[in-house]
Amino acid sequence: MARQTVSARRDDWDFADLGMKETQASTHFFHHWTAKFIPQIPRRLIEMYARPGDVVLDPFMGCGTTLVEAARLGHDTWGTDINPLAVNIARAKTAGIRHKALTEFIDWLDEAAERPERHLAQSRHLFEGSDEWFREDVARAIKAILNRARHLGGNTRNFVEVGLSDLLKGMSNARMDRTMPTLPSSARYRDKKHYYRLVNNETREINAFARVRSQLRRMGRALREFRAEATGRAAPILHDARRLRSLRRSAQLAITSPPYWSAQNYQKLHSLSFRTLGLKEPGRGEIGRRARDYLPDMGAVVEQLTQVLDGHFALVIGESRDGVHESVRDQCLSRGMELVETFTRRLSNQAFFAKAVKREFVYVFGCRP
Ligand SMILES: C[S@@+](CC[C@H](N)C(=O)[O-])C[C@H]1O[C@@H](n2cnc3c(N)ncnc32)[C@H](O)[C@@H]1O
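For clarity, every value in this text was computed on a predicted model and none was experimentally measured.

1. Some thoughts on the overall build of the protein chain
Tallying secondary structure elements over the protein chain gives 14 helices and 9 strands in all. Computed over its C-alpha atoms, the radius of gyration of the protein chain comes to 21 Å, within 12% of the 21 Å expected for a compact globule of 369 residues. With respect to the three principal axes, the spread of C-alpha positions in the protein chain is 65 × 45 × 40 Å. Looking at the protein chain residue by residue over its 369 residues, the buried ones come to 42%. Pairs at least 24 apart in sequence give 72% of the contacts found in the protein chain among residues at least 6 apart.

Okay, structure coming up:
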């Protein structure tokens, strides 16, 4: 069983003393995902509210943080997300792969990293307009990696694609000082996030084969350890949380951090991954895109939860000046859930989109059908 994190005090929900080593442990580092919560939150909630044998659900699972922790703690777990990239990441973090095939793939990357010119694909075309986003040598290396990954099939192919996807923005011409992929006005620009250093997209060192090799090596080791430790089974499912019941699954504990009402545009944020991997964009089903639909949509999810859940529901939600967090809490209460605990978290390390959010609440409800 994994070591308890530094913030072991049950009344301290700030987890301010944690570093990347703890928050990115196990398979959590595989891919960035905006507004993912730190694994210590679902972990503690599972330890507090799940009994042996209980199934754990996250209806807005994002990149699968809850699923990873539930499986590590021995619980079967399932989660839904409307975003196919999120589901692929959660799958890469939890599903078994063919390690022998991965090792052979990494050996090939090793060879290609030494002599890239021999391994580049003929074509540099990744998607419509990709020439603007990737330098020719980089695009041809990415294409070669994708072509080769296609022969792996199933979870192993997905694993490689997720590893590549996490590196795409850093290998592209996009400005390094913007979270949203944005092209600079010229190939040479100042990176405002990193001491105004000069970046030259035409000449900077980008060995895509070497970068992907290192990423896959680390991921492969982490997945082996995860699979050796995790006795629970994880099922990440591409599905709309407003229709949870149609999956005919149940759970005894649900933990979730819902999408925000201030239009988190995951498609734009991950546009290079979507286009390079040819993923279908979630579009209108994404909750939070239109402020006026937010509360009715959340109401629909809460309603579905009352039908699949017999136990507890932990809602992790940021404080908002207009009281939306309280409205979501009240939706749970009006649907018969009973508030059993409220924990407050002070946020020290704030994500760019939520600079106004200073506190987060963890509302724990009892939920009986
Ligand atoms: C705040 S993030 C959750 C992050 C997650 N806790 C993690 O650690 O990765 C909210 C998620 O809700 C998803 N989402 C938005 N609308 C949805 C819907 N209708 N059904 C299911 N998931 C949805 C988004 O794609 C996003 O991944």
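2. Side note on the domain arrangement of the protein chain
Under the domain assignment, the protein chain is made up of domain 1 (20-83 + 229-367) and domain 2 (99-225). The C-alpha centroid of domain 2 is placed 29 Å from the C-alpha centroid of domain 1. In this complex, domain 1 contributes 15 residues to the contact, which on the side of domain 2 involves 18 residues. Sort the elements by how many residues they give to the side of domain 1 that touches domain 2 and helix α12 (residues 271-277) lands first, with 6 residues. Looking at side-chain class alone, the side of domain 1 that touches domain 2 contains 5 nonpolar, 7 polar and 3 charged residues.

3. Section: the site of the ligand
Near the ligand there are 22 residues, and of these Lys 36, Phe 60, Gly 62, Thr 65 and Ala 241 occur at the shortest range. Per-class residue counts for the shell around the ligand are 11 nonpolar, 6 polar and 5 charged.

4. Observations concerning the sheet that holds strand β1 (residues 56-58)
Ordered by their spatial adjacency, 7 strands build an open sheet running β5-β2-β1-β6-β7-β9-β8, and the pairing between neighbours is mixed. Only two strands of the sheet have a single neighbouring strand rather than two, namely β5 (234-238) and β8 (338-346). Here the strands of the sheet are splayed against their neighbours by 15° on average, with no regard to which way each runs. Taken together, the 3 bridges between β1 and strand β2 (residues 77-81) define a ladder with parallel strand orientation. Each bridged residue has a counterpart across the sheet, and for Leu 57 the counterpart in β2 is Trp 78. On top of the sheet, helix α4 (residues 84-94) reaches β2 and β5; it is set at about 165° to β5, its chief contact. Sitting on the sheet, helix α14 (residues 324-334) is in contact with β7 (309-318), β8 and β9 (359-367), with an inclination near 170° to β7.

5. Remarks on unusual backbone geometry
We note that Ala 35 has phi near 65°; this positive angle belongs to a residue other than glycine. Mapping Ala 35 onto the fold places it in the loop between α1 (20-23) and α2 (40-49). What makes Ala 35 partly exposed here is the crowd of 16 C-beta atoms within 10 Å. Despite not being glycine, Tyr 196 has its phi angle at roughly 55°, a positive value.

6. Describing the packing of helix α3 (residues 65-72) against α4
How two helices pack is summed up by the angle between their axes together with the distance between the axes. Where α3 meets α4, the axes come as close as 9 Å, and the angle between the chain directions of the two elements is 20°. Compared by their axis directions, α3 and α4 come out roughly parallel. As for the relative orientation of α3 and α4, their crossing is right-handed in sense. Between α3 and α4, the residues in contact are Leu 67, Val 68 and Ala 71 and Ala 90, Lys 93 and Thr 94, respectively.

7. Here's the deal with the environment of Val 302
In this fold, Val 302 is placed in helix α13 (residues 291-308). The exposure class assigned to Val 302 is buried, which follows from the 26 C-beta atoms found within 10 Å. Taking the C-alpha atoms as reference points, Val 302 and Phe 127, separated by 175 residues in sequence, lie 38 Å from one another. Sequence-distant contacts of Val 302, that is, excluding residues within four places in its chain, are made with Gln 331, Cys 332 and Arg 335.

8. Notes on the nonpolar core
Soluble, globular proteins show a tendency: their nonpolar side chains are buried together. Val 56, Ile 89, Ile 142, Leu 305, Phe 313 and Ala 314 are the most contacted members of the largest nonpolar core, which totals 88 residues. The element contributing the most residues to this core is helix α10 (residues 208-229), with 7 residues. Among the domains, domain 1 (20-83 + 229-367) and domain 2 (99-225) are the pair contributing at least three residues each to this core. Apart from residues lying up to four places away in sequence, Ala 314 is in contact with Leu 45, Tyr 49, Ile 255, Val 362 and Val 364.

9. Brief notes about the packing of helix α8 (residues 136-149) against α10
It is the contact of α8 with α10, at a shortest axis distance of 9 Å, that shows an interaxial angle of 45°. As summarised for this structure, α8 and α10 are arranged oblique, according to the angle between their axes. Here Val 138, Ala 141, Ile 142 and Ile 145 of α8 come into contact with α10, specifically with Ala 208, Phe 209 and Val 212. Across the contact of α8 with α10, the residue classes break down as 7 nonpolar, no polar and no charged.

10. So, α3
The element α3 is extensively covered by neighbouring structure, given that 8 of its 8 residues are classed as buried. If you check which residues of α3 are buried, you get Thr 65, Thr 66, Leu 67, Val 68, Glu 69, Ala 70, Ala 71 and Arg 72. Following α3 by one or two positions, Gly 74 has its phi on the positive side, about 90°.

What counts, and at which threshold
- Residues numbered from 1 in each chain as written.
- Predicted model: local features only at pLDDT ≥ 70, side-chain atom pairs only at ≥ 80, totals over all residues.
- Helix = DSSP H or I, 4+ residues; strand = E, 2+ residues; numbered from the N terminus.
- Rg over C-alpha atoms; globule rule 2.2 N^0.38 Å.
- Buried ≥ 20, exposed ≤ 12 C-beta atoms within 10 Å, placed from the backbone.
- Contact = placed C-beta atoms within 7 Å.
- Domains from an automatic or database assignment.
- Nonpolar A, V, L, I, M, F, W, Y, C, P; charged D, E, K, R; others polar.
- Near = placed C-beta within 6 Å.
- Pairing = 2+ DSSP bridges.
- Axes fitted to C-alpha atoms, helices over the stretch in contact; angles between N-to-C directions.
- Parallel < 35°, antiparallel > 145°, perpendicular 65-115°, else oblique.
- Left-handed = near helix turned anticlockwise from the far one by under 90°.
- Core = buried A, V, L, I, M, F, W, Y, C linked by C-beta atoms within 7 Å.

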